[in-house]
Amino acid sequence: MTTCIIAEKPSVARDIARIVGANSKQEGRLEGNGYLVTWAMGHLITLAMPEAYGFSAYKAEDLPIRPNPFRLIVRQVRKDKEFMSDPSALKQLKVIRSCFDKADRIIVATDAGREGELIFRYIYQYLNCRKPFDRLWISSLTDKAIREGLANLNPGSHYDNLYYSAKSRSEADWLVGINASRALSIARRGGYSLGRVQTPTLAMVCRRYIENRDFSSVPYWKLSALMEKEGVPLKAIGNTDYENEASAQTAFATLRSQNRLKAESVARQVGHTAPPLLYDLTALQKEANRHHGFSADKTLSIAQSLYEKKITTYPRTGSRYISEDVFEEVPALLCKIGKTLSNPLNRHSVDNAKITDHHAIIPTGETPSGLSADEVTVYQMVVTRFVEAFSPDSEEERMQVRFTDGTNAFTWKACRQISPGWKAVQKDKATASEKKEDGDEQVLSSLPNLAEGEHLPVLDAEITEHKTKPKPLYTEATLLSAMENAGKEVEDAESKKAMAECGIGTPATRANIIETLILRDYIRRDRKSIIPTEKGLAVYEIVKDKRIANAEMTGSWELTLAAIEAGQMPPEKFAQGINSYVGTICEELLSLAPEQKSYPTYRCPKCGNESVGIYAKVAKCRHEGCDFHVFREVCGTLLTEDNIRDLLTTGRTTILKGLTSKAGKKFNASLVLNEDYTTSFEFENRKGKPRGR
């Protein structure tokens, strides 16, 4: 019996081949011990473009284009101005076909997720294969994980709903992207690209940029008072923001006249802070961008490399939790990475119900070697978070005192650490982040004893001027957060609750969406910020009020795709909704076309037909074989419709004023139609032969 195993990448195929004993290297595959192990090299098969269905030209009457059924083609590459099948894809596909033909059964070992499933199923469908297949579903590429996965294969049919979800996503993105892009390109006579996730993401970047750019800063003033208790300086901040300095000075005078503050209320509370959750891909990308300046795409690439080198688990995960069975392995994993923690381990990141396709990103316990500097950075982030997540809660005592001078209220906040817990793992960074969290809170080694009703003398006081600030421009980290939490800006309560689970895009696609927008010159990196380009702003202005720019729409799609994956919705129902929507979006975008002005036609002086039309830049004869034309811009002046009419009917225009010569001098003249159908100038107050053009 011959078994074919198909992986997503050559590196994964090599690891699996070693485990199953397929040690003989051949072109595009490894074989031996009854196994043929091959690989897909990503998306070898894709959906065909409109040209394959006979829609080469951009015509409004062709929209919306709704292929039924969709055609699959080999991945395309551009050569000169045309697209052709990728030669490397064709070559590997031939190897896969041969392996499928020789095999009695197939094991699918593409990445265990929606896109990995789609990669295999499209190849399987394109090759018209009917062989039975099982699924290898693992979150780690260690030898142990591969062996356990091979011993616990699932029938391929168990993942049919995952495939239907992936196929629905692929076809919906095609329908919306192709139709919306063509409709806008036709309406605005240019090359435009719109998409289900990229357009709402562009809209978020543009909205934030415009808010920031147009923000009008307003000054305000605050009061603060310095006191002392048991040798501890207490800086209390006034609760009021004063709109003008005069009001602040009045309050300042009141404070000075009293020269002491009364503790109106004193609150002390001991609290516990749980450690941060383990990383999912988006959380890892955000932290890597914030602390190391890595782009989301770079972090994904590094995380994928660490996974393929077997030292961390599968990166394209949307979960920040691990399951109970993985939790049992945590003590051993901690030992392998050289860390020891006292029992019991913190269970904050353990929740079976919150595992999606894959658990959070954690180290595998394999010893890293041969890593680049950037790989070391991301690996250390994963290890550090792993140690933090299972460390004890930190324990702090917080104190908040409300003071008054009889008229104005002031607040003083302080905190002392009782037990650092997980914060001891990165003591310096934890302290820095705490200070950033609440800039008015003092961190002290001990808290003073203050009683309600107690008076403290004011040692010093000051008025400080501040300015209101706009929301900051997006960084890659905050844009990822905005995509992840897009539902927070949705007004409808039910939609908001639903979208809180997904946002827009997926952990696996968000980095690619950002890179796509940059590639299309819609957004750009400006130091740490992400800002729109002029082109991006222009597209936003066109579509900002359309559903395609609405995060709620694409977020609801993600929920529906999740429902298809869970077997709770038939894919046909989703397809019906998409087909209806693309009709609407085409109507919306095509309606943006500027109204075409209707010009009268005139008799052509050259061919005699009633066929000269006036257009934006030229008046020309539309009769076949006649080349008569007159450009409307003459020496920097645009000829009016009346000027063109006079030229065609009387052979000359009235005096045109403010014409500019090549030397930059202004002059006035009539435009005259010559016998050879060219034009020339006849200057004002000058007799004789007209000057040609």
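What counts, and at which threshold
Residues numbered from 1 in each chain as written. Predicted model: local features only at pLDDT ≥ 70, side-chain atom pairs only at ≥ 80, totals over all residues. Heavy atoms only, no water. Helix = DSSP H or I, 4+ residues; strand = E, 2+ residues; numbered from the N terminus. Rg over C-alpha atoms; globule rule 2.2 N^0.38 Å. Buried < 20%, exposed > 50% of the residue type's maximum accessible area, 1.4 Å probe, protein only. Contact = heavy atoms within 4.5 Å. Areas by Shrake-Rupley, 256 points an atom, 1.4 Å probe, with all protein chains shown as cover. Lys, Arg positive; Asp, Glu negative; His and termini not counted. Charge placed at Lys NZ, Arg CZ, Asp CG, Glu CD. Salt bridge = Lys/Arg side-chain N within 4 Å of Asp/Glu carboxyl O. Core = buried A, V, L, I, M, F, W, Y, C linked by side-chain atoms within 4.5 Å. Pairing = 2+ DSSP bridges. Axes fitted to C-alpha atoms, helices over the stretch in contact; angles between N-to-C directions. Parallel < 35°, antiparallel > 145°, perpendicular 65-115°, else oblique. Left-handed = near helix turned anticlockwise from the far one by under 90°. Nonpolar A, V, L, I, M, F, W, Y, C, P; charged D, E, K, R; others polar.

J.: Requested: an account of the overall build of the protein chain, with residues and values cited.
T.: Along the protein chain, the regular secondary structure elements total 20 helices and 31 strands. The C-alpha radius of gyration of the protein chain comes to 35 Å, more than 25% above the 26 Å expected for a compact globule of 693 residues. Its C-alpha atoms put the protein chain at 105 × 95 × 45 Å along the principal axes. Counting over 693 residues, the protein chain shows a buried share of 47%. By sequence separation, contacts in the protein chain at least 24 residues apart represent 69% of the contacts at least 6 residues apart. Accessible surface, the protein chain as shown: approximately 35000 Å² in total, 47% of it carbon and sulfur. The distance from the centre of the 96 positive side-chain charges to the centre of the 90 negative ones in the protein chain is 6 Å.

J.: Which residues make up the pattern of salt bridges, and what values go with them?
T.: According to the stated counting rule, one finds 44 salt bridges in the structure shown. For Arg 29, the salt bridge is made with Glu 31, and the minimal N-O distance between the two is 2.8 Å. The class of Arg 29 is buried, set by a relative accessible area of 16%. Several salt bridges share partner residues, and in doing so they unite Glu 8, Lys 9, Asp 111 and Glu 308 into one network.

J.: Can you tell me about the nonpolar core, naming the residues and giving the values?
T.: Counting residues in each nonpolar core, the largest one holds 86 residues, and the members touching the most others are Phe 100, Ile 106, Ile 123, Val 543 and Leu 589. The leading source of residues in this core is helix α5 (residues 160-188), at eleven residues. Residue contacts for Ile 123: discarding those within four places in its chain leaves Ile 6, Ala 40, Leu 44, Ile 45, Leu 93, Ile 96 and Phe 100. Within the second largest apolar cluster, 31 residues are counted, among which are Ile 322, Phe 327, Leu 333 and Ala 389.

J.: Requested: an account of the sheet that holds strand β25 (residues 629-631), with residues and values cited.
T.: In a beta sheet, neighbouring strands pair by backbone hydrogen bonds and run either parallel or antiparallel. Across the sheet, four strands lie side by side as β22-β23-β24-β25; this open sheet has antiparallel pairing. A single partner strand is all that each edge strand has here, and the edge strands are β22 (602-603) and β25.

J.: Give me the lowdown on the packing of helix α1 (residues 10-20) against helix α4 (residues 143-151), citing residues and values where you can.
T.: Running from N to C, α1 and α4 point in directions that differ by 70 degrees, and their axes come no closer than 10 Å. With respect to α4, the axis of α1 lies roughly perpendicular. In terms of crossing hand, the pair formed by α1 and α4 is right-handed. Across the interface between the two elements, Asp 15, Ile 16, Arg 18, Ile 19 and Val 20 of α1 pack against Asp 143, Ile 146, Arg 147 and Leu 150 of α4. Across the contact of α1 with α4, the residue classes tally to five nonpolar, no polar and four charged.

J.: Could you give an account of the pairing of strand β29 (residues 666-673), with specific residues and numbers?
T.: Here β29 lies mainly inside the structure; six of its eight residues are buried. Both strand β28 (residues 656-660) and β29 contribute to a ladder of three bridges, which runs antiparallel. Following the sheet pairing, Leu 656 is matched in β29 by Ala 669. Hairpin connection of β28 to β29: five residues between the antiparallel strands, including Gly 664 at a positive phi of 90 degrees. Taking the residues between adjacent antiparallel strands as the criterion, β29 and strand β30 (residues 679-683) are bridged by five residues, where Tyr 677 takes a positive phi near 70 degrees.

J.: Account for the sheet that holds strand β9 (residues 105-109), naming residues and giving values.
T.: Judged by pairing direction, the sheet is mixed, and its seven strands sit side by side in the order β2-β3-β4-β1-β9-β10-β11 without closing on themselves. Here the strands that pair on one side only, and so sit at the sheet edges, are β2 (24-26) and β11 (154-155). Judged from the three bridges that link them, β2 and strand β3 (residues 29-32) form a sheet pairing that is antiparallel. Residue pairing in the sheet places Lys 25 in a bridge with Leu 30 of β3. On the sheet, α1 packs against β1 (3-7), β3, β4 (35-39) and β9 and is oriented at approximately 165 degrees with respect to β4.

J.: Could you give an account of the packing of helix α3 (residues 114-126) against α5, with specific residues and numbers?
T.: Contact geometry for α3 and α5: axes closest at 9 Å, N-to-C directions at 85 degrees. Here α3 lies roughly perpendicular to α5, going by the angle between them. Each of Arg 114, Glu 115, Glu 117, Leu 118, Arg 121, Tyr 122 and Gln 125 in α3 lies in contact with α5, whose residues at this interface are Asp 160, Leu 162, Tyr 163, Ser 165, Ala 166, Lys 167, Arg 169 and Ser 170. Class assignment for the residues of the contact of α3 with α5 results in five nonpolar, three polar and seven charged.

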